[in-house]
Amino acid sequence: MRILVTGCAGFIGSHLCEHFLNLGEEVTGIDNFITGNKKNVELLKKYRNFKFFELDVCDVVELPERYDIIYHLASPASPKQYYNYQLETMLANSYGTKNLLEKAKKDGSVFVFASTSEVYGDPLIHPQREDYNGNVNPIGERSVYDESKRFGEALCMVFFRKFDLDVRIARIFNTYGPRMDIDDGRVIPNFMVQALKNLPLTIYGDGNQTRSFCYIDDMVEALKRMGVKSNLKGEVINLGNPKEIRIIELAEIIEKLVNRKLEKKFLPLPKDDPQRRCPNIEKAKKVLDWEPKVEFEEGLQKTLDYFRMVLDEKI
Ligand code: NAD
Ligand code: UDP
């Protein structure tokens, strides 16, 4: 198979590419390095079956080859990054998605759009099922991400309805693991770096807000299935780990992993920060025959080992 992955220098994209490369597939990656890491691409370039184009997905470029599957992952993803790159985020998910959908239409490819749990906003229904339409502030600070992903989903469905394109929408919930950017402001890298440096853990709000964290290996397996399985045309599927935990509990688990009590610094909750987030993954279980396997503490330990190596400059 020939597979195109946009956002290949990023956290999820680089793991997804590596997974397909190890299976012997021909993989082409695209990235403009706005939030990605050049080291990830250097690692992928060691594979003979990998090709790379440094491109912005918002530019219309004729790609020479035909792809069986196109994964569109290119977009700033963490709150810190999409506040930094507001316009770029909106354009990557709108213009970028349109450009890649056109390519998929021309090639007759399967198209997988990396959407997000953020399409549910600050949800009023728990856990979130795919048929919940969400509770999004259309003009708030997070809207650059939430609304552009919602627009991207809507665009995918136009290509499905009007052109019968085989689009699949993956609503990805919080994912973590090695290769997360140490500075991207997400809670797991923040807490881990703080814990390793013996600094106070920065808890936004009272820490009672919840998230559900999926380990990267589980997410990659789910994304692979989203692309390769048949009969998923037009489907929208939540991908994530349904184990919901409070941020304050996460802080305690990390203290346990580093084996010491840490000071907690309570800071204001960012605007529109969702209070609860947890996927209902019944659909993924049924149609992808998938559910997460990696235990939380096991995944966190691997991630902590990674950040320790980054801080020791061994990576
Ligand atoms: P990331 O920032 O690590 O990777 C995104 C990659 O896209 C980066 O390498 C960046 O340079 C690249 N990129 C951004 N805009 C681009 C453009 N215009 N042209 C070319 N490349 C561009 O983020 P990630 O965590 O790997 O997320 C990947 C995708 O998954 C994103 O679409 C994100 O919205 C989605 N997602 C991630 C999570 C998560 O928890 N990590 C949750 C929900 C959804
Ligand atoms: N958070 C926190 N301390 C931090 C970073 C984040 O308490 O140093 C909280 C944040 O307010 C949110 C949750 O942790 O409630 C998850 O934040 P993250 O940025 O990782 O992802 P989000 O799910 O908000 O996109």
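Procedures and definitions
- Residues numbered from 1 in each chain as written.
- Chains lettered and ligands numbered in written order.
- Predicted model: local features only at pLDDT ≥ 70, side-chain atom pairs only at ≥ 80, totals over all residues.
- Heavy atoms only, no water.
- Near = heavy atom within 4 Å.
- Polar contact = N/O pair within 3.5 Å; in protein donor to acceptor, adjacent residues only side chain to side chain.
- Areas by Shrake-Rupley, 256 points an atom, 1.4 Å probe, with all protein chains shown as cover.
- Helix = DSSP H or I, 4+ residues; strand = E, 2+ residues; numbered from the N terminus.
- Nonpolar A, V, L, I, M, F, W, Y, C, P; charged D, E, K, R; others polar.
- Pairing = 2+ DSSP bridges.
- Axes fitted to C-alpha atoms, helices over the stretch in contact; angles between N-to-C directions.

## Quick word on the site of ligand 1
With respect to spatial proximity, 30 residues lie near ligand 1, and among them D31, T35, Y145, K149 and R186 are the closest. Between an oxygen atom of ligand 1 and a main-chain N or O atom of I34, the distance comes to 3.0 Å. Between ligand 1 and the protein, one listed contact pairs an oxygen atom with a backbone N or O atom of G36 at 3.0 Å. Compared with its free state, where it exposes 820 Å², ligand 1 has 96% of that area covered by protein. For the shell around ligand 1, the secondary-structure elements that each account for two or more residues are α1 (11–22), β5 (110–116) and α6 (143–163). The element best represented in the shell around ligand 1 is β5, accounting for three residues. Each residue belonging to the shell around ligand 1 can be placed in one class, and the counts come to 16 nonpolar, 10 polar and four charged.

## Overview of the sheet that holds strand β3 (residues 50–54)
Sheet strands associate in pairs through backbone hydrogen bonding, adopting either a parallel or an antiparallel arrangement. Taken in spatial order, the seven strands make up an open sheet running β3-β2-β1-β4-β5-β6-β11, and their pairing is parallel. Edge positions in the open sheet fall to β3 and β11 (235–239), since each of these has one partner strand only. Each neighbouring strand pair of the sheet contributes to a mean axis angle of 20°, computed without reference to strand direction. Across four bridges, strand β1 (residues 2–6) lies against strand β4 (residues 69–72) in parallel orientation. When the bridges of β4 are listed, T6 appears paired with H72.

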